[in-house]
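# Structural characterization, general
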There are 4 protein chains.
Amino acid sequence: MKKLWDKGYELNSVVESFTVGNDVVLDQALIPYDCRASIAHARMLGKIGLLTAEEVEKLTGALETIIQLHRQEKFTIRPEQEDCHTAIESFLTEKLGKLGMKIHTGRSRNDQVLTALRLFYKDQLTVCDKQVEALIKSISAFTEKEGATVFPGYTHMRKAMPSSIALWGRAFIDSMEDNRKLLRLALELIDQSPLGTGAGYGVPLELDREYTAKELGFARVQENPVYVQNSRGKLEITILHALSQVMLDLNRIASDLILFSMPEFGFFELPDEFCTGSSIMPQKKNPDVLELLRARYHVIIALESQVKTQVSNLISGYNRDIQLTKEPVMKGFDITRAGLEVAELLFRHLVVNRERCEEALTDDLLATERVYALVRQGVPFREAYQRIAKEY
Amino acid sequence: MKKLWDKGYELNSVVESFTVGNDVVLDQALIPYDCRASIAHARMLGKIGLLTAEEVEKLTGALETIIQLHRQEKFTIRPEQEDCHTAIESFLTEKLGKLGMKIHTGRSRNDQVLTALRLFYKDQLTVCDKQVEALIKSISAFTEKEGATVFPGYTHMRKAMPSSIALWGRAFIDSMEDNRKLLRLALELIDQSPLGTGAGYGVPLELDREYTAKELGFARVQENPVYVQNSRGKLEITILHALSQVMLDLNRIASDLILFSMPEFGFFELPDEFCTGSSIMPQKKNPDVLELLRARYHVIIALESQVKTQVSNLISGYNRDIQLTKEPVMKGFDITRAGLEVAELLFRHLVVNRERCEEALTDDLLATERVYALVRQGVPFREAYQRIAKEY
Amino acid sequence: MKKLWDKGYELNSVVESFTVGNDVVLDQALIPYDCRASIAHARMLGKIGLLTAEEVEKLTGALETIIQLHRQEKFTIRPEQEDCHTAIESFLTEKLGKLGMKIHTGRSRNDQVLTALRLFYKDQLTVCDKQVEALIKSISAFTEKEGATVFPGYTHMRKAMPSSIALWGRAFIDSMEDNRKLLRLALELIDQSPLGTGAGYGVPLELDREYTAKELGFARVQENPVYVQNSRGKLEITILHALSQVMLDLNRIASDLILFSMPEFGFFELPDEFCTGSSIMPQKKNPDVLELLRARYHVIIALESQVKTQVSNLISGYNRDIQLTKEPVMKGFDITRAGLEVAELLFRHLVVNRERCEEALTDDLLATERVYALVRQGVPFREAYQRIAKEY
Amino acid sequence: MKKLWDKGYELNSVVESFTVGNDVVLDQALIPYDCRASIAHARMLGKIGLLTAEEVEKLTGALETIIQLHRQEKFTIRPEQEDCHTAIESFLTEKLGKLGMKIHTGRSRNDQVLTALRLFYKDQLTVCDKQVEALIKSISAFTEKEGATVFPGYTHMRKAMPSSIALWGRAFIDSMEDNRKLLRLALELIDQSPLGTGAGYGVPLELDREYTAKELGFARVQENPVYVQNSRGKLEITILHALSQVMLDLNRIASDLILFSMPEFGFFELPDEFCTGSSIMPQKKNPDVLELLRARYHVIIALESQVKTQVSNLISGYNRDIQLTKEPVMKGFDITRAGLEVAELLFRHLVVNRERCEEALTDDLLATERVYALVRQGVPFREAYQRIAKEY
């Protein structure tokens, strides 16, 4: 099969393998999205008279076949095909002959890739949002059960004032609610259809962009074709920002739990089936799952950094550099979904050791309370503070 | 003057200078915000009966005096005071005696700092949003004047298809409109009042948090005191994300203009008063302003990275590390405001050289148009493509 | 097969898949290194009398078998085995029974992993260094052939003074020579044997660490077991620093070539078999290979960032977070080796268009020369400068 | 005073302030270095006959005067002068008339800036190296005094096996020794003289570059003028890498001490004069100094990131973007020097609480020892491990 841009010469094999990278692997996830976009595109071409009704039917039929094959894990992308887009056009051409060669009418690989990616991103963002919702429920259930337990609140990693499991758990619920606003804004920003903008400077045909946008469920058309190109990478940064804020909360949850499940504190306990052991020390039960949850934050912010710098110092319009923004976003979704799944599970199994919490409620935690007892008796705050401070 | 936490011993001087850092300088910007917050706090203490009406009046009077002194650049923070909060309480105590010692009733420096910062951030975000609006107007005026000029659109830094000044300029207008959504979400997220949450575990008094929130113009109360602490740094990341997306667009504008104002292209020209020279080469007119606009993106994303990693691997509640998130956000605002100011000015003075644009419209830019001429005659797209490709 | 730390309970399956990550894939590369390390370890155990000569022979024989199987791509790591270390111990136990259970005597998975990684890193660094050497040769050959050609030198992306292909090419040779110093220091720093330090606090046996270090070709023993653990991740950062400095030079080479091979300049030309096309624009020949070479720098610095922050805010001793430093270094090597391979190839095929270079030598490039003509006549430099400046 | 590149027109004031940035402040530190470089340059001009002996004497005299004024904090850089280089040339011209206008003969601001920066960097690196040495001594003294105390070693933040203060402290000594290798390589790499390379394409005069290199104490001449420019920023990254590796160790020391000085552990204690208090909680003694030491690592790696991306995607030769690499390196030195100073002080005052260390030595720490007791009796390691594991 030839490349979409085949012109009769062979690429140097080192160059070819260097430029293709691992798109062949990554693009597996995009196959159904590209097919859906191609179906909408074919229908639009029918609507504006560039394909006959019969042609549209044949094309959409073949594209549905690819979706089926993909579901059965039978649709493969060969390395020399570079990506799923070529593999799909190639399948159509093999199956439908000259008709397959018409599917690319009125589009460029640039807007085709963007369309498939955005549909994929929309689905992923929706899944993440639902997982955040599930996590919130899991924390809620946990705080309903254990919320009343009082344990020390810390500042500077030193005991400060009494806190409670409810206070602690709900802090993350509120934070996750704010994260959902970020996820939804990311979704809103990518929810504009790039299809029909060609390589960034439009297509010399009267395409019905509203039609394809609607068919594909986009909220609106992204009008400006130069902005379509410039927004690639840029909107990915906003997606990764939203995801990394989710992961930051998980990083903090993990940090709290790693510390406070140390036997020296014992406020929380993880069930055995959440703990791994050591190859040399038989007594160990390690919270690897928490450490890796904490660590994954650093992976996702590095992925975000990569996209942030990759799109810099480039001129407007498509630059191949941008190709490398696909993998970090895909990985970002993988990391976030896995992290949310584990976190949701964690809160379902997390144990609060009420005795240890109570034991930890030492007198010094009440120093502030004692200051305020004086304040209520009329002593100016700073004077009351200094009086109590002398005792410590 | 003593520190807010003074307990009768002296800090080691190396430690003191290390911990204070440059807060004394940074906090200048926060003085009026802290005073406004303290006024609201004093009024609330009056409302709930912890201060008399006369006390409230004296405190608010003294705080207004500080605001006046600050406006006249006469209110200084001394290094041994650590920050503006101590300097302000110190002023009140010097002026009002024991009454000054009451202002800290019902709050901690933690929620005090957060309140002042959020008020400051809200103002800054509003200013940035207005500057983005002004930039959009400036680009609009520019595209209205020069938009009709056609010049080459590039992909892969190679001529692709015809573009136009209108297409190019409006791409940035659309992008800036999307940036405004990010700015507004950042504003929405920080628009919750932390005042009254103490050091992160509440205050043992019946404070009227709704009252202070309303007085200070916050949209709502941030209920959970642990989340208040955990959101410090975290919300700053979202602010910096919004700002860095603005700067990314300026980075791209600068990249375009640096390239296309090279005499080898000549599509754009900068007036002399925007160009600097060389100390050795007398012929040079250099676009330093554009290079620095491009470069500042890298500063702001580094600041964002700093905050992103600084808040990681920490347990819930205040950790002093977070202190170092103040400077990057302040700098982020400085960079963005300066960048927007310069960009707005640029578009007012940017010159399009119409002849050079026209000269650059070589035949190869029309290759795609020729493919589509064949497509309109019924040739399948890919076949038409291959036929034209042979000529190049 | 059981895990190395098996204690009779099952890990939750979500937790298991979360913690194992993709070690099963990554560890393929480590199999021969772990076997070599295990052979040295077995011999040492024989030397100090913990294994008989016959036992040592059986173990080393089985380990050699694994190396053979690996070469034939027949040694697989099963997901439930977590990593190559378990897979190898499992193979030994299946094959040798109780004897297999002795191989882990005197070591922990921690020092085992570190030993295998360092051996792997040493090989990779040596390969990279050789590739840098090959690239230097390729640039040398290129500058020998084309060096005499004069073309414009730029500052601020504006013509400055005359440069030459020799000057340009040799700049990268010198830079690569400096990079080799970084690669060698990275190599020197990791060239210390961690084997025998257990989980970070030594092993209660009299191991002969000098012996295993020598057997494995390490320059020295890394004495302090706590430092062994703390240096994981830390030394990886230095490796990635060295690699990313190499990639920075390739980023610059790519940036130069992308710009100066634009038809608008035409100083350089890439042969057709290095260029890819467009799916819509038949005239295009795009320098994707250069754009991706440029872009990969951003991938590697993101990987470096990941490791830099992943190891932060952690206490001494092993933390599972560090597990995630393996993948970025492996990827860093892949990126650098691929980048160097492509760059070496590039310089072998890069074409200089002498006419275009000559045409570009416009008069303004000689303005500085004219200043110095006046200086040689006795005019103070700044005065001469100002006199010539008036003409531009 | 006019700018070095003055050509008779005024820069737009917004543009001017945008481009100058805060060089006026930063450059204070460079004044003596620029003067030293100018003295060497003047002597060289004398040696090759472009200045008379008398002229050289006058110039060096005036430059020595500037060094004196600077020492007395009397030499100021005015904003309109942009930087110290202009301020110095301006002083010479005001004082010596036409002679001052000759000092710039044979150099460009580019190589002038680079020379001053490298001299400054060399001094700073030497200071840092000495401070690392002092820290090593401080840790040594500490471990000599307290080293014998045994306390728990942790993995996964769970008790693992017995460690000791000696083991812990010496881990950092060894790490700091490795850091010194990085500092020295950074020093070696910048220890090449850029003076005489002009704006990156040489100077049309027969300069004696060996002479100035020797006068200024550089180990060698950096021959290739294009590499001189390309290495700006690049070598700064290596400097920041070395510094951030130092700071990473301090981050880990701080992380250890923050945790293990929690009253819940109590292994370490900080004297009161190292601890700060809370504005609301009178009992608190907070380890702010440690938290900020930990936090500063994140500042320095962000600065390093900034330089790493700022120099990317740029063509060879000077680009003004690079100007912004000066501040991060200067800040990096400030952070590292302050961090090392505090750390050295810390180890002089750090207290080990021997009773708390001993109390913490619970039985589970000896589980591995018990496995090895069985191993010594002939039980295969993995079997012994599983037997002991059952007890936990």
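Remember, predicted model here, so these are calculated numbers, not experimental data.

It is worth spelling out the packing of aromatic side chains at this point. Scanning the model with the defined rule gives 82 aromatic pairs over all chains in all. Their ring planes at 70° and their centres at 6.3 Å tell us that Tyr154 of chain C and Phe265 of chain C sit as a pair that is edge-to-face. With Tyr154 of chain C in strand S1 (residues 150–155) and Phe265 of chain C in the loop between helix H9 (225–260) and strand S5 (268–269), this pair connects stretches of sequence that are 111 residues apart. With a centroid separation of 5.8 Å and an interplanar angle of 75°, the aromatic rings of Phe265 of chain D and Phe267 of chain D are classed as edge-to-face. It is Arg382 of chain C that lies over the ring of Tyr385 of chain C; its NZ or CZ is 5.2 Å from the centre. Above the face of the Phe18 of chain B ring, Arg296 of chain D is positioned so that its terminal group lies 4.3 Å from the ring centre.

Our next topic: the interface of chain B and chain A. Tallying the contact residues gives 92 residues for chain B and 92 residues for chain A. Buried surface at the junction of chain B and chain A, both sides included, amounts to about 8,000 Å², of which 58% is carbon and sulfur. Three residues stand out in chain B for area buried against chain A, namely Tyr201, Arg252 and Ile315 of chain B, and they jointly supply 9% of the buried area on that side. At the boundary of chain B with chain A, the tally comes to 10 salt bridges.

Here we take up helix H13 (residues 367–376) of chain B. What sets the pattern is the α-helix's 3.6 residues per turn: residues three or four places apart point alike. Residues and elements named next belong to chain B. All of the buried residues in H13 are Ala367, Thr368, Val371, Tyr372, Leu374 and Val375. Within H13, the buried residues cover an arc of 150° as seen down the axis, which keeps them to one side. Against strand S2 (158–164) and helix H14 (381–389) lie the buried residues of H13.

You can overlay chain B on chain A at an RMSD of 0.0 Å; the transform is a turn of 180° with a shift of 0.0 Å along its axis. Here the transformation between the copies is reduced to the relation of a two-fold axis. Comparing interface residues between copies, 100% of those in chain B also lie at the interface in chain A; the contact surface is shared.

This part is about the relation of the copies chain C and chain B. Mapping chain C onto chain B calls for a rotation angle of 180° and an axial translation of 0.0 Å; the resulting RMSD is 0.0 Å. Most of the interface of chain C is mirrored in chain B, where 98% of its interface residues again form contacts.

Residues and elements named next belong to chain C. One can describe the packing of helix H4 (residues 53–71) onto helix H5 (residues 84–96) by two numbers: an axis separation of 10 Å at closest approach and a directional angle of 125°. It follows from the interaxial angle that H4 and H5 lie oblique. Between H4 and H5 lies a crossing of right-handed hand. Side by side, H4 and H5 meet where Lys58, Leu59, Ala62, Leu63, Thr65, Ile66 and Leu69 of the first sit next to Ile88, Phe91, Leu92, Lys95 and Leu96 of the second. For the contact of H4 with H5, the class distribution of residues is nine nonpolar, one polar and two charged.

Next up on the list: the nonpolar core. If you look at the biggest cluster of nonpolar residues, it comprises 573 residues, and the most contacted ones within it are Phe268 of chain A, Phe268 of chain B, Phe268 of chain C together with Phe268 of chain D. Those residues within four positions of Phe268 of chain A in sequence are excluded, and the remaining contacts are Phe142, Phe151, Ile165, Trp168, Leu257, Phe260, Ser261, Leu350, Val351 and Val352 of chain A.

On to the pairing of S2 of chain B. Residue and element names in this part refer to chain B. In terms of burial, S2 is largely enclosed, as six of its seven residues are buried. Relative to S2, strand S1 (residues 150–155) is paired through six bridges, and the arrangement is antiparallel. Looking at the pairing, Thr155 lines up with Arg158 of S2. Turn length for the S1-S2 hairpin, with the two strands adjacent in sequence and antiparallel, is two residues, and the turn residue His156 shows positive phi of about 55°.

To continue, consider the packing of helix H7 (residues 165–190) of chain C against H9 of chain C. All names here are of chain C. Running from N to C, H7 and H9 point in directions that differ by 170°, and their axes come no closer than 8 Å. On the basis of the axis angle, H7 is roughly antiparallel to H9. Between H7 and H9 the crossing geometry is left-handed. Considered class by class, the residues forming the contact of H7 with H9 number 16 nonpolar, five polar and three charged.

With that settled, consider the environment of Glu358 of chain C. The topology assignment puts Glu358 of chain C in helix H12 (residues 354–359). Sequence separation between Glu358 of chain C and Phe151 of chain C is 207 residues, and the spatial gap between their C-alpha atoms is 6.4 Å.

Within this structure, the stated rule accounts for 120 salt bridges over all chains. In this structure, the salt-bridge partner of Lys98 of chain B is Glu383 of chain A, at a minimum N-O distance of 2.5 Å. Of this pair, Lys98 of chain B sits in the loop between helix H5 (84–96) and helix H6 (109–146) while Glu383 of chain A sits in helix H14 (residues 381–389), on two different chains. Given the relative accessible area of 48%, Lys98 of chain B is considered partly exposed. For the salt bridge of Glu344 of chain C with Arg348 of chain C, the shortest nitrogen-to-oxygen distance reads 2.8 Å. Of this pair, Glu344 of chain C and Arg348 of chain C both sit in helix H11 (residues 326–349), four residues apart, roughly one helical turn. Counted as one network, the salt bridges with shared partners bring together Asp129, Glu133, Glu177 and Arg180 of chain A.

Here we take up the domain arrangement of chain A. Under the domain assignment, chain A is made up of domain 1 (13–104), domain 2 (109–361) and domain 3 (363–392). With centres defined by C-alpha atoms, the gap from domain 1 of chain A to domain 3 of chain A works out at 73 Å.

Glancing now at the interface of chain C and chain B. Listed per partner, the contact involves 46 residues of chain C and 45 residues of chain B. The contact between chain C and chain B buries some 3,700 Å² in all, and 57% of this surface belongs to carbon and sulfur atoms. Taken together, the links from chain C to chain B amount to zero salt bridges. Here chain C is connected to chain B by 24 residue pairs in polar contact (both at pLDDT 80 or more). Elements represented by at least two residues in the side of chain C that touches chain B include exactly S1, strand S2 (158–164), H9, helix H10 (288–310), helix H13 (367–376) and helix H14 (381–389) of chain C. Classifying every residue of the side of chain C that touches chain B by side-chain character gives 24 nonpolar, 12 polar and 10 charged.

Thresholds applied
Residues numbered from 1 in each chain as written. Chains lettered and ligands numbered in written order. Predicted model: local features only at pLDDT ≥ 70, side-chain atom pairs only at ≥ 80, totals over all residues. Heavy atoms only, no water. Phe/Tyr/Trp six-rings, centres within 6.5 Å; stacked < 30°, edge-to-face > 60°. Helix = DSSP H or I, 4+ residues; strand = E, 2+ residues; numbered from the N terminus. Lys NZ or Arg CZ within 6 Å of the ring centre and 35° of its normal. Contact = heavy atoms within 4.5 Å. Buried area = accessible area lost by both parts, 1.4 Å probe. Salt bridge = Lys/Arg side-chain N within 4 Å of Asp/Glu carboxyl O. Buried < 20%, exposed > 50% of the residue type's maximum accessible area, 1.4 Å probe, protein only. Arc of directions from axis to C-beta. Least-squares fit on C-alpha atoms with pLDDT ≥ 70 in both. Axes fitted to C-alpha atoms, helices over the stretch in contact; angles between N-to-C directions. Parallel < 35°, antiparallel > 145°, perpendicular 65-115°, else oblique. Left-handed = near helix turned anticlockwise from the far one by under 90°. Nonpolar A, V, L, I, M, F, W, Y, C, P; charged D, E, K, R; others polar. Core = buried A, V, L, I, M, F, W, Y, C linked by side-chain atoms within 4.5 Å. Pairing = 2+ DSSP bridges. Domains from an automatic or database assignment. Polar contact = N/O pair within 3.5 Å; in protein donor to acceptor, adjacent residues only side chain to side chain.

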